[in-house]
Amino acid sequence: VLVVRQQLQRAFTEDEVIMASAVVDMVYREGPTPLETLCGEAGVPFVSGRRMLAHQGMAQFSAFTQTPPPRRAMLAAVGISESRRRPGPVPSVER
(Lines give C-alpha, C1' and ligand atoms only; values in the text may rest on other atoms or scores of the structure.)
Protein backbone atom coordinates (compact mmCIF):
# COMPACT_ATOMS: atom_id res chain seq x y z
CA VAL A 1 0.00 0.00 0.00
CA LEU A 2 1.36 3.41 -0.92
CA VAL A 3 0.99 6.15 1.66
CA VAL A 4 1.74 9.65 0.39
CA ARG A 5 1.53 13.31 1.37
CA GLN A 6 0.02 15.98 -0.85
CA GLN A 7 2.58 17.89 -2.88
CA LEU A 8 2.28 20.45 -5.65
CA GLN A 9 3.41 17.79 -8.09
CA ARG A 10 2.44 14.14 -8.19
CA ALA A 11 4.40 12.12 -5.68
CA PHE A 12 4.36 8.99 -7.84
CA THR A 13 4.47 8.24 -11.52
CA GLU A 14 1.58 6.51 -13.26
CA ASP A 15 3.69 3.34 -13.50
CA GLU A 16 4.31 3.36 -9.74
CA VAL A 17 0.60 3.78 -8.99
CA ILE A 18 -0.39 1.00 -11.39
CA MET A 19 2.01 -1.36 -9.57
CA ALA A 20 0.38 -0.62 -6.18
CA SER A 21 -2.14 -3.05 -4.69
CA ALA A 22 -3.97 -0.11 -3.10
CA VAL A 23 -3.31 3.54 -2.24
CA VAL A 24 -4.17 5.44 0.94
CA ASP A 25 -4.05 9.23 0.69
CA MET A 26 -3.38 11.42 3.72
CA VAL A 27 -5.02 14.58 2.38
CA TYR A 28 -8.16 15.57 4.31
CA ARG A 29 -9.57 18.14 1.86
CA GLU A 30 -12.72 17.56 -0.16
CA GLY A 31 -12.58 16.71 -3.81
CA PRO A 32 -10.30 14.39 -5.65
CA THR A 33 -6.58 14.85 -5.17
CA PRO A 34 -4.25 14.33 -8.14
CA LEU A 35 -3.36 10.95 -6.64
CA GLU A 36 -7.03 9.95 -6.36
CA THR A 37 -7.60 10.93 -9.98
CA LEU A 38 -4.59 8.91 -11.09
CA CYS A 39 -5.77 5.86 -9.11
CA GLY A 40 -9.25 6.15 -10.61
CA GLU A 41 -7.83 6.28 -14.11
CA ALA A 42 -5.58 3.29 -13.39
CA GLY A 43 -8.28 1.25 -11.60
CA VAL A 44 -6.24 1.05 -8.39
CA PRO A 45 -8.22 0.75 -5.12
CA PHE A 46 -8.04 4.06 -3.25
CA VAL A 47 -8.87 5.26 0.27
CA SER A 48 -9.28 9.01 0.74
CA GLY A 49 -7.66 10.91 3.58
CA ARG A 50 -11.09 11.87 4.93
CA ARG A 51 -12.23 8.24 5.03
CA MET A 52 -8.96 7.25 6.70
CA LEU A 53 -9.41 10.05 9.27
CA ALA A 54 -12.97 8.92 10.05
CA HIS A 55 -11.89 5.30 10.56
CA GLN A 56 -9.00 6.34 12.80
CA GLY A 57 -11.55 8.25 14.86
CA MET A 58 -13.85 5.21 15.00
CA ALA A 59 -11.01 3.03 16.26
CA GLN A 60 -10.11 5.59 18.92
CA PHE A 61 -13.75 5.97 19.99
CA SER A 62 -14.02 2.19 20.44
CA ALA A 63 -10.72 1.99 22.30
CA PHE A 64 -11.63 4.75 24.75
CA THR A 65 -15.31 3.92 25.31
CA GLN A 66 -15.38 0.15 24.74
CA THR A 67 -18.55 0.73 22.68
CA PRO A 68 -19.22 0.78 18.95
CA PRO A 69 -18.64 4.20 17.40
CA PRO A 70 -21.44 6.29 15.90
CA ARG A 71 -20.32 5.29 12.40
CA ARG A 72 -22.83 7.31 10.36
CA ALA A 73 -22.26 10.46 12.39
CA MET A 74 -18.49 10.16 12.17
CA LEU A 75 -18.56 9.62 8.41
CA ALA A 76 -21.01 12.50 7.99
CA ALA A 77 -18.69 14.74 10.04
CA VAL A 78 -16.06 14.42 7.31
CA GLY A 79 -18.59 14.64 4.47
CA ILE A 80 -18.87 10.96 3.58
CA SER A 81 -22.20 9.25 3.07
CA GLU A 82 -22.30 5.69 4.33
CA SER A 83 -24.28 4.77 1.24
CA ARG A 84 -21.14 5.16 -0.88
CA ARG A 85 -19.76 1.91 -2.18
CA ARG A 86 -17.26 0.38 0.20
CA PRO A 87 -14.07 -0.90 -1.39
CA GLY A 88 -13.94 -4.66 -1.51
CA PRO A 89 -10.95 -6.81 -0.69
CA VAL A 90 -7.84 -5.92 -2.62
CA PRO A 91 -7.30 -8.61 -5.24
CA SER A 92 -3.97 -10.37 -5.17
CA VAL A 93 -1.89 -9.54 -8.17
CA GLU A 94 1.18 -11.40 -9.31
CA ARG A 95 3.99 -9.03 -10.21
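Just so you know, these numbers come straight off a predicted model, no measurement behind them.

Novice: So what's going on with the overall build of the protein? Which residues, and what values?
Specialist: A tally of regular secondary structure across the protein gives four helices and three strands. Along the chain direction, N to C, the helices and strands of the protein fall in the order β-α-β-α-β-α-α. The buried share of the protein, taken over its 95 residues, is 27%.

Novice: Any details on the nonpolar core? Residues and values, ideally.
Specialist: Counting residues in hydrophobic clusters, the biggest one holds eight residues: V17, A20, V23, L35, L38, C39, V44 and F46. Take this core: its biggest share by element is three residues, from helix α2 (residues 34-42).

Novice: Which residues make up helix α3 (residues 49-65), and what are the values?
Specialist: Since there are 3.6 residues in each turn of an α-helix, residues three or four apart along the chain are aligned in direction. Between the first and last C-alpha of α3 there are 24 Å, a value that for 17 residues agrees with the 24 Å anticipated at 1.5 Å per step. Next to the buried residues of α3 lie β2 (23-25), β3 (46-47) and α4 (71-77). Of the residues trailing α3, Q66 is marked for its positive phi of about 60 degrees.

Novice: Describe unusual backbone geometry, and please don't skip the residues or the numbers.
Specialist: Positive phi outside glycine occurs at Q66, with the angle close to 60 degrees. You can see Q66 is positioned in the loop between α3 and α4.

Novice: Let's hear about the environment of M74: which residues, and what values?
Specialist: Within the secondary structure, M74 is located in helix α4. Taking the C-alpha atoms as reference points, M74 and G57, separated by 17 residues in sequence, lie 7.7 Å from one another. Excluding anything up to four places from it in sequence, M74 contacts A54, G57, M58, F61 and P69.

Novice: Outline α2, supporting the account with residue identities and numerical values.
Specialist: All buried positions along α2 are accounted for by L35, L38 and C39. Here the buried residues of α2 occupy an arc of 100 degrees about the axis, which is enough to place them on one side. Turned more than 90 degrees away from the buried face of α2, the exposed residues are G40 and E41. Where α2 terminates, the next one or two residues include G43, which has phi positive at roughly 75 degrees.

Novice: Please provide a residue-by-residue account of the confidence of the model for the protein, values included.
Specialist: Residue-level pLDDT values for the protein average 81, and 76% of them are 70 or greater. Element-level pLDDT for the protein is lowest in strand β1 (residues 2-4), with a mean of 54, against a maximum mean of 95 in α3. Confidence drops under pLDDT 50 across residues 89-95; counting only partners more than four residues distant or on other chains, this segment forms six contacts.

Novice: Help me get a handle on a negative patch on the surface, residues and values and all.
Specialist: Judged by side-chain charge, E14, D15, E16 and E41 come together as a negatively charged surface patch. Counting residues per element, the negative patch draws most heavily on helix α1 (residues 14-19), at three residues.

Cut-offs applied
Residues numbered from 1 in each chain as written. Predicted model: local features only at pLDDT ≥ 70, side-chain atom pairs only at ≥ 80, totals over all residues. Heavy atoms only, no water. Helix = DSSP H or I, 4+ residues; strand = E, 2+ residues; numbered from the N terminus. Buried < 20%, exposed > 50% of the residue type's maximum accessible area, 1.4 Å probe, protein only. Core = buried A, V, L, I, M, F, W, Y, C linked by side-chain atoms within 4.5 Å. Expected span 1.5 Å × (residues − 1). Contact = heavy atoms within 4.5 Å. Arc of directions from axis to C-beta. pLDDT = per-residue confidence, 0-100. Patch = residues over 30% accessible without salt bridge, like charges linked within 9 Å, V, L, I, M, F, W, Y side chains within 5 Å. Areas by Shrake-Rupley, 256 points an atom, 1.4 Å probe, with all protein chains shown as cover. Salt bridge = Lys/Arg side-chain N within 4 Å of Asp/Glu carboxyl O. Lys, Arg positive; Asp, Glu negative; His and termini not counted. Charge placed at Lys NZ, Arg CZ, Asp CG, Glu CD.

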